[in-house]
Structures are given as C-alpha cells and as structure tokens.
Amino acid sequence: QVQLVESGGGLVQAGGSLRLSCAASGRAFSNYAMGWFRQAPGKEREFVAGISRAGGSTNYADSVKGRFTISRDNAKNTVYLQLNSLKPEDTAVYYCAAGSLTVAHLITKTGISYWGQGTQVTVSS
C-alpha cells in the first residue's frame, strides 16, 4: 500500500513559478513510475509529466514541455514538479500518481495503482 500526499499548490500570477511535491508512504516507492496529472473544472484528468522508477527517463505533455520539470528523490520517497512560466490555462487540481508499469503507460493512465488527493494550482492573468 502506498499513500501519496501532494503539497505546494497555490495562487500565482502568470509567468510565475511553483514547485509541487508528492510524498509517498511505504517502502516500495522506487518500484513505481510516478506521474503528475491535472484536472481543470469541466475537463477530464490529463497527463502532465512522468518519470521512470530510477528517474532516468521522463516524458511530458506537449502543453508543458520546456516549462515544467519532473524529478524524484527515491531516498526521500518524493516526486516533484517544477512549474515555470505559468499560464492561466495551467489552472487545475494537480494529482500525483504511482504506476506499476512503465513511464510510457502513464500517458494513457494505464496501470496506475495509487492517486494522491490533489493540490490546487491557480494562475491569474
């Protein structure tokens, strides 16, 4: 069993930055590919970024490439998402997730074993 707790969300002006953290309980953190997703009001939850078990492979949604960076620290059981050059359309609840398959499977939300409760990111124009 893995519990995921996100933090770091908030209100920021367009062009600003935030750093989200997702702390995982349990000893099996390094067994999971980790991902960040987001869901805006009235929209489906969408993939944002993913990172492989050891952190050597990452992927990003086209909408955030070059602006967001995912990383992980397996010693701290934590995955991060650095959000730079934020835009109003980045406003959403951001969720982290643990996937039992590869980082590529995260894009289609396949093999996700655990979800966090989400943290709100609001970008004002």
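One can find the structure itself at the top, above this paragraph.
The structure displayed is predicted, hence computed values, not measured ones.

**Q** It is not clear to me how the nonpolar core should be interpreted in this structure. Could you clarify?
**A** As a rule of thumb, nonpolar side chains are buried together in soluble globular proteins. With 36 residues, the main nonpolar core has Leu4, Met34, Trp36, Leu81 and Tyr94 as its most contacted residues. Element by element, the count of residues in this core is highest for strand E9 (residues 92-99), at 5 residues. If near-sequence neighbours (up to four positions away) are discounted, methionine 34 is found in contact with Leu4, Cys22, Phe29, Ala49, Gly50, Ile51, Ile70, Arg72, Val79, Ala97, Ala98 and Leu106.

**Q** Could you clarify how one ought to interpret the sheet that holds strand E3 (residues 18-24) in this entry?
**A** Two pairing modes exist for strands in a sheet, parallel and antiparallel, and in both the strands are linked by backbone hydrogen bonds. Read from one edge of the open sheet, 4 strands run E1-E3-E8-E7, paired in antiparallel fashion. Two strands in the sheet have a free side with no partner beyond their single neighbour: strand E1 (4-7) and strand E7 (68-73). Going across the sheet, the axis of each strand differs from the next one's by a mean of 15°, ignoring polarity. Direction of pairing for E3 relative to strand E8 (residues 78-83): antiparallel, over a ladder of 6 bridges. When the bridges of E8 are listed, cysteine 22 appears paired with valine 79.

Cut-offs used in this document
Residues numbered from 1 in each chain as written. Predicted model: local features only at pLDDT ≥ 70, side-chain atom pairs only at ≥ 80, totals over all residues. Heavy atoms only, no water. Core = buried A, V, L, I, M, F, W, Y, C linked by side-chain atoms within 4.5 Å. Buried < 20%, exposed > 50% of the residue type's maximum accessible area, 1.4 Å probe, protein only. Helix = DSSP H or I, 4+ residues; strand = E, 2+ residues; numbered from the N terminus. Contact = heavy atoms within 4.5 Å. Pairing = 2+ DSSP bridges. Axes fitted to C-alpha atoms, helices over the stretch in contact; angles between N-to-C directions.

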